[in-house]
Amino acid sequence: MNLLADELAERVVRKLIDRQKRALVIVTGAAIGVPKALEQLKELRDEGFTYHVLMTRSAMYVTGEEAVRAALDPEELWVENPDGFPEQVAGRFDTILVPALTVRTAAYLANCIPETPAATMIFNGLIKGKNVVVAVDGACPDNPMRAKLGYHMTPGLRDALHGNLEKLQTYGAKLTAAEGMARAVRKAITSFLPAQPAAPAVRAEQPAAQAGGVIRPALTGKILGVKAVNTAPRGSVIAVPRGTIVTALASDEARMRGVTIQIES
């Protein structure tokens, strides 16, 4: 009976994961990080993911339909409007992936204004507690590519754009850098599985210097990703400036490794 129960449980888990591998992909017109994100989604496609894609008109111009089709081989691809009401279409999917998020769409979502079909579909995923994984490279004001593209913002505007991304995270979106999207998606679709045991905590009396000291990593676009945490010694402290976005994967990895993430004022 135990063996039968285990087999049934395993089949249920496989079925749930397979269902979540059928994903809705929403590509907005962001110009930063898109090729890396598409490479990551192609990697997932090779692992059994299937895609239905909505591209905005600006994405058609910036990224191009050919690049999206080549990477994702979608079962359906819509431009600007899906076949049906956006809420109904989004309701068919448990996983919603956003490899390219614009500043505008981030602002709509942060302020709960689903102004466009793309924003409506992402918002639908958030309010229904679905897996919504977002690559934020194109919407992050501190991404180094912005300066190269001629963007120069006041501190107030920069803080406002950071605030939009922080709100998205509190709404349940899993934020990631484009280069870590595949891992973030895998993490999201298996989040219902039992957690792995955490690494032993560093003893309170152990000085920080012995445990690895304080690390101030070089950040890409003011985002702390899982790669920086992976390279930190166990028990160390990672200090990042106020306004840094800590991805869900980075937070989980820090907890597993006994690493403290410290936000400096």
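Here the structure is a predicted model, which means the values were calculated and not measured. (Residues numbered from 1 in each chain as written. Predicted model: local features only at pLDDT ≥ 70, side-chain atom pairs only at ≥ 80, totals over all residues. Heavy atoms only, no water.)

Undergrad: What should I look at first to understand the side chain of Asp 137 in this one?
TA: Take Asp 137: it is sitting in the loop between β5 (131-135) and α8 (144-148). Despite its burial, Asp 137 pairs with no opposite charge, the nearest such side chain being Lys 36 at 6.3 Å. Of note is the side chain of Asp 137, whose polar atom sits 2.7 Å from the backbone nitrogen of Ala 178. (Helix = DSSP H or I, 4+ residues; strand = E, 2+ residues; numbered from the N terminus. Buried < 20%, exposed > 50% of the residue type's maximum accessible area, 1.4 Å probe, protein only. Lys, Arg positive; Asp, Glu negative; His and termini not counted. Salt bridge = Lys/Arg side-chain N within 4 Å of Asp/Glu carboxyl O. Polar contact = N/O pair within 3.5 Å; in protein donor to acceptor, adjacent residues only side chain to side chain.)

Undergrad: Quick question: what am I supposed to make of the sheet that holds strand β9 (residues 237-241) here?
TA: Two strands in a sheet stick together by hydrogen bonds in their backbones, pointing the same way (parallel) or opposite ways (antiparallel). In space, the 3 strands of this open sheet follow the order β7-β9-β11, with parallel pairing throughout. A strand with exactly one partner marks an edge of an open sheet, and here the two such strands are β7 (214-215) and β11 (260-264). Relative to β9, β7 runs parallel, the two being bridged by 2 bridges. Each bridged residue has a counterpart across the sheet, and for Ile 215 the counterpart in β9 is Ile 238. (Pairing = 2+ DSSP bridges.)

Undergrad: Even after reading the chapter, I still don't get the sheet that holds strand β4 (residues 95-100), so can you show me in this structure?
TA: Reading across the sheet, the 6 strands line up as β3-β2-β1-β4-β5-β6 and stay open at both edges, with parallel pairing between neighbours. Each edge of the open sheet is held by one strand with a lone partner, namely β3 (76-79) and β6 (174-176). Between one strand and the next, the sheet's axes are offset by a mean angle of 20°, whatever the strand orientation. Seen against the sheet, helix α10 (residues 181-189) touches β4, β5 and β6 and runs at an angle of roughly 165° to β5. (Axes fitted to C-alpha atoms, helices over the stretch in contact; angles between N-to-C directions. Contact = heavy atoms within 4.5 Å.)

Undergrad: How should the pattern of salt bridges be read in this particular structure?
TA: Oppositely charged side chains can pair when the atoms bearing their charge come close. With the rule as written, the count across this model stands at 9 salt bridges. Between Arg 186 and Glu 43 there is a salt bridge whose closest N-O contact spans 2.5 Å. Of this pair, Arg 186 sits in helix α10 while Glu 43 sits in helix α2 (residues 34-45), and the two are 143 residues apart along the sequence. Look at Glu 43 and you get partly exposed, because its relative accessible area is 35%. The shortest N-O distance in the salt bridge between Asp 46 and Arg 45 comes to 3.8 Å.

Undergrad: Would you mind showing me how to read the packing of helix α6 (residues 103-110) against helix α9 (residues 155-170) here?
TA: Two quantities define a packed helix pair, namely the angle between the helix axes and the distance between the axes. Running from amino to carboxyl end, α6 crosses α9 at an angle of 55°, the nearest separation of the two axes being 9 Å. With respect to each other, α6 and α9 are oriented oblique. Regarding α6 and α9, the two cross each other, and that crossing is left-handed. Seen from α6, the contacting residues are Val 103, Ala 106, Ala 107, Leu 109 and Ala 110; seen from α9, they are Leu 161, Asn 164, Leu 165, Lys 167 and Leu 168. For the contact of α6 with α9, a count of residues per class yields 8 nonpolar, 1 polar and 1 charged. (Parallel < 35°, antiparallel > 145°, perpendicular 65-115°, else oblique. Left-handed = near helix turned anticlockwise from the far one by under 90°. Nonpolar A, V, L, I, M, F, W, Y, C, P; charged D, E, K, R; others polar.)

Undergrad: Would you take a moment to explain α9 for this structure?
TA: Taking 1.5 Å as the rise per residue, α9 with 16 residues should run 22 Å; its terminal C-alpha atoms sit 22 Å apart, in good agreement. Every buried residue of α9 is accounted for by Leu 161, His 162, Gly 163, Asn 164, Leu 165 and Leu 168. Once α9 finishes, Gly 172 follows within two positions and takes phi at roughly 115°, a positive value. (Expected span 1.5 Å × (residues − 1).)

Taken by themselves, the reported measurements are silent on function.
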